[in-house]
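Per-entry structural report
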Amino acid sequence: MATKVNKNGKRPLQQDSHEDNSITKVRKVNLDDSRHIAAVILARGGSKAIPLKNIKKLAGVPLIGWVIRAALDSEVFDSVWVSTDHDEIERVARAWGAEVHRRSPEVSKDTSSSLDTIREFSRQNPDVGVICNIQATSPCLHPFHLKEALEFITKQGYDSVFSVVRRHHFRWKEVEKQGNICAEAQNLDPAKRPRRQDWDGELCENGSFYFATKGLIEKSLLQGGKTRLYEMDPKYSVDIDIDIDWPVAEQRVMSFGYFGKNKPKVVKLLLCNVSGCLTDWQINISANKEEEMVSINIRDQAGINMLMKEGVEVILIEKNPISKALADKLSKRMGCQVLLEVNYKLKQVKELMKKKGLEWKEVAYLGNDDQDVKYLNRAGLSAVPLDAPVPLNAAKYSCNCTAGRGAVREFAEHILRLKKNTMSQMGQDGNCTYEDCPIDNRCE
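Anyway, here's the lowdown on the structure attached to this text. (Residues numbered from 1 in each chain as written. Predicted model: local features only at pLDDT ≥ 70, side-chain atom pairs only at ≥ 80, totals over all residues. Heavy atoms only, no water.)

**Concerning the overall build of the protein chain**
Broken down by element type, the protein chain carries twelve helices and 19 strands. Counting only residues that meet the buried cut, the protein chain has 52% of its 444 residues in that class. Sequence separation of 24 or more characterises 67% of the internal contacts of the protein chain that already satisfy a separation of 6 or more. Accessible area for the protein chain stands at about 21900 Å²; split by element, carbon and sulfur atoms hold 47% of it. (Helix = DSSP H or I, 4+ residues; strand = E, 2+ residues; numbered from the N terminus. Buried < 20%, exposed > 50% of the residue type's maximum accessible area, 1.4 Å probe, protein only. Contact = heavy atoms within 4.5 Å. Areas by Shrake-Rupley, 256 points an atom, 1.4 Å probe, with all protein chains shown as cover.)

Okay, here's the thing in structure tokens:
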């Protein structure tokens with residue numbers, strides 16, 4: 001029986017065996033190519049150097065979240081998958097919008113190769129015609145990389161395309177000569193060492209992604225047939241294998257990572273929920289005087305002060321009813337405006353932004369519940385505390401701190417890091433003027 005096709009001319013993909021897969025969204029299809037094109041991100045749970053590396057947070061986002069976001073936003077895949085053997089990795093993958101391929105124990109061993117897993121995925125999903133193996137540890141991957149590389153297959157008929165980076169490294173090897181270990185040049189003449197500007201260098205695999213047709217994979221190959229290289233700029237070529245790579249990768253991703261479709265500008269306004277962000281939801285009521293009290297973390301207050309010192313306005317939002325006296329005291333203590341009983345946030349926020357002449361890209365939003373999702377998605381920068389009951393992918397940054405326990409300070413530092421990087425890229429002086437700001441030391 002012939003395979004049915006859908007209204008877009010695409011053959012449907014075999015359904016994942018998990019029933020709760022409704023979060024997955026099929027993106028834009030390649031109408032000029034009838035094959036089903038799938039992205040597969042390999043994320044085994046048994047990482048030795050960095051335990052559960054694939055979901056460890058890098059700049060506030062789980063490591064696989066960076067590449068899932070890039071793959072989905074590229075809008076060239078009919079499906080985006082994470083292949084894993086671990087329950088927590090599956091949960092994070094689904095939260096960020098990917099489908100999940102639960103790999104078998106046979107391809108989950110330390111000795112299993114990437115190709116073993118991809119071949120299993122291909123067998124279980126016979127309708128997939130082209131597979132892109134995206135490396136989870138490449139957080140500076142952007143949608144345009146995937147779009148441009150895939151066109152070699154869909155428009156020019158290549159069988160495989162993979163990413164490379166140009167390196168200017170002189171290679172040597174050790175050889176044994178007359179019982180002694182000696183050095184032997186591999187790609188240069190030591191008597192005529194070229195200057196960097198006079199040498200094209202060498203193209204080396206950087207492992208970010210490998211596109212291959214199903215026919216090639218059935219021959220146990222990811223590279224072969226009519227093959228094309230896709231050269232990536234070195235600034236996007238980041239890989240994480242050991243702990244020492246992590247801080248380097250975090251600095252690189254802050255400058256060159258993909259933060260979503262709405263590229264953030266320098267933030268001019270932070271909107272922050274009081275309950276569930278600045279506080280831990282608790283309101284203490286005195287039995288004697290019927291006084292209301294809230295607990296504020298001094299680190300969060302310092303974070304707000306840092307932002308205001310750098311010209312970022314902060315407005316606190318409270319949708320739950322609290323006394324005006326408490327709100328006034330909170331406003332005085334924090335040094336910023338407090339909006340009370342904000343039941344129609346979108347309308348009020350839009351009016352506020354219009355009055356200040358701001359775009360969403362210039363606004364940062366720290367929210368914590370389902371009502372905040374639309375604002376988290378629209379804001380140029382957005383974050384949620386660690387304990388916020390909202391989908392992981394609703395915000396561009398997920399705090400390591402909980403509500404009322406440093407989440408505001410953490411997000412403030414993130415905003416200032418991005419501001420410094422943005423100002424630096426614009427050729428301006430992006431140094432913080434706040435005397436005790438930790439950002440300068442962290443970003444050097």
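**Let's talk about the pairing of strand E5 (residues 99-102)**
Pairing between strand E4 (residues 79-84) and E5: four bridges, direction parallel. Across the sheet, residue valine 82 finds its bridge partner in E5, namely valine 100. You can see the chain leave E4, run along helix H2 (residues 87-95) and come back into E5, and the turn it takes is right-handed. (Pairing = 2+ DSSP bridges. Right-handed = clockwise from strand over helix to strand, strands pointing away.)

**With respect to the pairing of strand E17 (residues 363-366)**
Across the two faces of E17 the burial is the same, with Val363 and Tyr365 and Ala364 and Leu366 all buried. The pairing of E17 with strand E18 (residues 381-384) spans three bridges and is classified as parallel. Counterpart to leucine 366 in the pairing with E18 is alanine 383. For the crossover that starts at E17, traverses helix H10 (residues 373-378) and ends in the parallel E18, the hand is right-handed.

**Observations regarding the environment of glutamate 291**
In this structure, glutamate 291 sits in the loop between strand E13 (284-285) and strand E14 (292-293). For glutamate 291, a relative accessible area of 40% translates into the label partly exposed. Sequence separation of glutamate 291 and leucine 326 is 35 residues, and the distance between their C-alpha atoms is 8.7 Å.

**A short note on the packing of aromatic side chains**
Considering all chains together, one arrives at eleven aromatic pairs under this definition. Ring centres of tryptophan 81 and phenylalanine 121 lie 5.2 Å apart, and the angle between their planes is 70°; this geometry places the pair in the edge-to-face category. Placement of the pair is tryptophan 81 in strand E4 and phenylalanine 121 in helix H3 (residues 114-124), with a sequence separation of 40 residues. Phenylalanine 121 shares its class with tryptophan 81; the two are buried. With a centroid separation of 5.7 Å and an interplanar angle of 70°, the aromatic rings of phenylalanine 209 and phenylalanine 211 are classed as edge-to-face. The ring of tyrosine 158 is capped by lysine 226, whose NZ or CZ atom sits 4.6 Å from the centre of that ring. (Phe/Tyr/Trp six-rings, centres within 6.5 Å; stacked < 30°, edge-to-face > 60°. Lys NZ or Arg CZ within 6 Å of the ring centre and 35° of its normal.)

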